[in-house]
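# Results of the structural survey
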Amino acid sequence: MAGADSDDSLYPIAVLIDELRNEDVQLRLNSIKKLSTIALALGVERTRTELLPFLTDTIYDEDEVLLALAEQLGNFTMLVGGPEYVHCLLPPLESLATVEETVVRDKAVESLRKISHEHSPVDLEVHFEPLVKRLASGDWFTSRTSACGLFSVCYPRVSSTVKAEIRQHFRTLCSDDTPMVRRAAASKLGEFAKVLELEYVKSDIISLFTALASDEQDSVRLLAVEAGVSIATLLPQEDLEALVMPTLRQAAEDKSWRVRYMVADKFSDLQKAVGPEITKNDLVPAFQNLLKDCEAEVRAAAANKVKEFCENLPEDSRETIIMTHILPCVKCPEVRLNIISNLDCVNEVIGIRQLSQSLLPAIVELAEDAKWRVRLAIIEYMPLLAGQLGVEFFDEKLNSLCMAWLVDHGSCYNVEAATCNLMKLVEKFGAEWAQNTIVPKVLGMANDPNYLHRMTTLFCINALSEVCGQEITTKHMLPVVFKMSNDQVANVRFNVAKSLQKIGPVLDSNCLQTEVKPVLEKLASDQDMDVKYFAQEAISVLSLA
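Conventions used here
- Throughout, a residue's number is its position along its own chain's written sequence, starting from 1.
- Where local features are concerned, this predicted model is filtered to residues with pLDDT of at least 70; where side-chain atom pairs are given and counted, the filter is 80 or more; whole-chain, interface and lining totals use all residues.
- In computing side-chain values, all of the structure's heavy atoms are included and hydrogens and water are not.
- Centres within 6.5 Å make a pair out of two Phe, Tyr or Trp rings, where for Trp the six-membered ring is used; the pair is then stacked when the planes are under 30 degrees apart, edge-to-face when over 60, and tilted otherwise.
- Two conditions define a charge located above a ring, namely a distance within 6 Å from the ring centre to NZ of Lys or CZ of Arg, and an angle within 35 degrees of the ring normal.
- Each residue's exposure class comes from its accessible area (1.4 Å probe, protein chains only) as a fraction of the maximum for that residue type: buried when under 20%, exposed when over 50%, partly exposed otherwise.
- Helix and strand assignments come from DSSP, with helices taken as H or I runs of at least 4 residues and strands as E runs of at least 2, each series counted from the N terminus.
- Think of it as the arc spanned by the lines of direction from the helix axis to the C-beta atoms.
- Definition used for salt bridges: Asp or Glu carboxyl oxygen within 4 Å of a side-chain nitrogen of Lys or Arg.
- Take the number of residues in a helix, subtract one, and multiply by 1.5 Å to get its expected span.
- Bend at a given residue is defined as the angle between two axes, one fitted to the seven residues that end at that position and one fitted to the seven that begin there.
- The contact criterion used is simple: two residues touch if any of their non-hydrogen atoms lie within 4.5 Å.
- The patches described consist of residues with a relative accessible area above 30% and no salt bridge, like charges being joined within 9 Å and nonpolar side chains (Val, Leu, Ile, Met, Phe, Trp, Tyr) within 5 Å.
- Only the protein chains shown count as covering a residue, and every accessible area follows the Shrake-Rupley method with a 1.4 Å probe.
- For the charge count, each Lys or Arg is scored as positive and each Asp or Glu as negative, with His and the chain ends excluded.
- Charge positions come from single atoms, namely NZ of Lys, CZ of Arg, CG of Asp or CD of Glu.

### Considerations on the packing of aromatic side chains
- Counted by the stated rule, this structure contains 10 aromatic pairs.
- Counting every residue linked through ring pairs, the aromatic cluster contains Phe 151, Tyr 155, Phe 170 and Phe 192.
- Above the face of the Phe 534 ring, Lys 498 is positioned so that its terminal group lies 4.9 Å from the ring centre.

### Focus: helix H3 (residues 35-42)
- Of the positions making up H3, those classed as buried are Leu 35, Ile 38, Ala 39 and Leu 42. The buried side chains of H3 occupy one side of the element, clustering within an arc of 100° when seen end-on. Those residues of H3 that are exposed and angled more than 90 degrees off the buried face are Thr 37, Leu 40 and Ala 41.
- Positive phi appears at Gly 43, one or two residues downstream of H3, with a value of about 90°.

### Quick look at the pattern of salt bridges
- Counted by the stated rule, this structure contains 22 salt bridges.
- Measuring nitrogen to oxygen at the nearest pair gives 2.8 Å for the salt bridge that ties Asp 254 to Arg 221. Of this pair, Asp 254 sits in the loop between helix H16 (245-252) and helix H17 (257-265) while Arg 221 is found in helix H14 (residues 218-234), placing the two residues 33 residues apart along the sequence. Each member of the pair, Asp 254 as well as Arg 221, carries the same accessibility label: buried.
- The salt bridge partner of Glu 241 is Arg 249, with a shortest N-O separation of 3.2 Å.

### Remarks on helix H30 (residues 470-484)
- With 15 residues, H30 extends 20 Å from end C-alpha to end C-alpha; this agrees with the ideal 21 Å at 1.5 Å per step.
- The sharpest bend along H30 measures roughly 45° and falls at Met 477, with the proline Pro 479 sitting one to four residues further on.
- Listed as buried for H30 are Ile 472, Thr 473, Met 477, Leu 478, Val 480, Val 481, Phe 482 and Met 484.
- Its buried side turned inward, H30 meets helix H28 (431-444), helix H29 (451-468), helix H31 (490-503) and helix H32 (509-524).

### Regarding a negative patch on the surface
- On the surface, a cluster of negative charge is made up of Glu 62, Asp 63, Glu 64 and Glu 100.
- Structurally, Glu 62 is set in the loop between helix H4 (44-57) and helix H5 (63-73).
- On the basis of relative accessible area, Glu 62 is assigned to the partly exposed category, the value being 40%.

### What to know about the environment of Leu 96
- Residue placement: Leu 96 occurs in helix H6 (residues 90-96).
- For the pair Leu 96 and Ser 143, spaced 47 residues apart in sequence, the C-alpha separation works out to 9.2 Å.

Below, the structure is given as structure tokens:
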């Protein structure tokens, strides 16, 4: 009987071995995903002595199988007997951390980082730290890149002698011959700096940061920028200017736009890390340059930081800096659009009068930009601008712009947006304002020789009727629509039918029966097929048959 029991207990591992050797990848993948069930069936001792060695020996498989294995092993601590035996998981994960496929290596490193916390300080020095050293001095660059992600998790809990060895290994990898390794080291430099004692941040990390930030590969330099921001948060204020700022200033003017982009992207974090004085002296000129950069991507990244940058400026000099340093840079469309889109925030910071004087020329210029997308963006921001600037300022400076957009030949999207924009403005300023300011100008276009402009009148009436209400629609707009039903251009006539259908719900039933119905009936017998169709549809929808 005892023999039969032992045969039964071998069954799960035998099945696993069969499945892991099967030619079908999906079967092998399913088998790996069931590892925890198999480990439970085997018990902790046999998992340690049979299952893990078997897995370690068979790490030659498809990437998706290895990825699943790397992930599973990160959750295996209790299945091998708890933290006391967690080091048994290191051999298979070490092998996985050296494979060619990046996602598998990254997942193995993630699992190693996870289980490192479950090692006692003694086990960390006896088992984990030697693994890190083996990876760091491996022949293949794959193992050396993996090592970079493991220094910071073991450093805080080992003895000072071992700490010195870890620092030395990290230094070596920062000057590795292979760019991929230097890139991995640069990406972990900030994280490693955070666990080091301040004296070593100053003596070791700063020199590594300086070297990586002037690496021949821009992919390394841009990662060093990110590390620089983390390092800046660790240093006392008095050391920042000498130790970090020269390198970051150099990065902001790097010959590669990717590096400058990274500086722009991290600018708010950098500003918080270095504090108000360095911001005023160092970061303001750097930010100006990024806003005026020759590459659109860099300008756009800097523009995205305008709002945060302005909010985080020291209050005593905020207004001066914005007015004299930031707004004059508002030359590029991306930057101007960003300032305008954050107008409510910037307005709170410096006040609308000064802002309008600085921005108005930019708004007018953008409104006439050659690119229709830029014009469209300004149209969409106009209701926000109007709300910030107030009705008087709007009427004086921007009203004519809004009307000009209604006849934008460059894009039908812009005409549609401009019409929608008018509706939002009426919602903001009220029907009386619309009656006095907007409606007369819109209706004036009904006599335009260009039939497209006459059609725009109809589109505007469609949009405005609802927000202006019954009285203004019936009294001022409807007579113009009726008049246009005699237009010589069929496109205008069928749009009259569509307009009457659209504004019908705003009108009272008497008006619909006595005035709208006869016009639609006349259009329903038009010679043009489209005019007929839309007139009949309007009669049906408005229940006028």
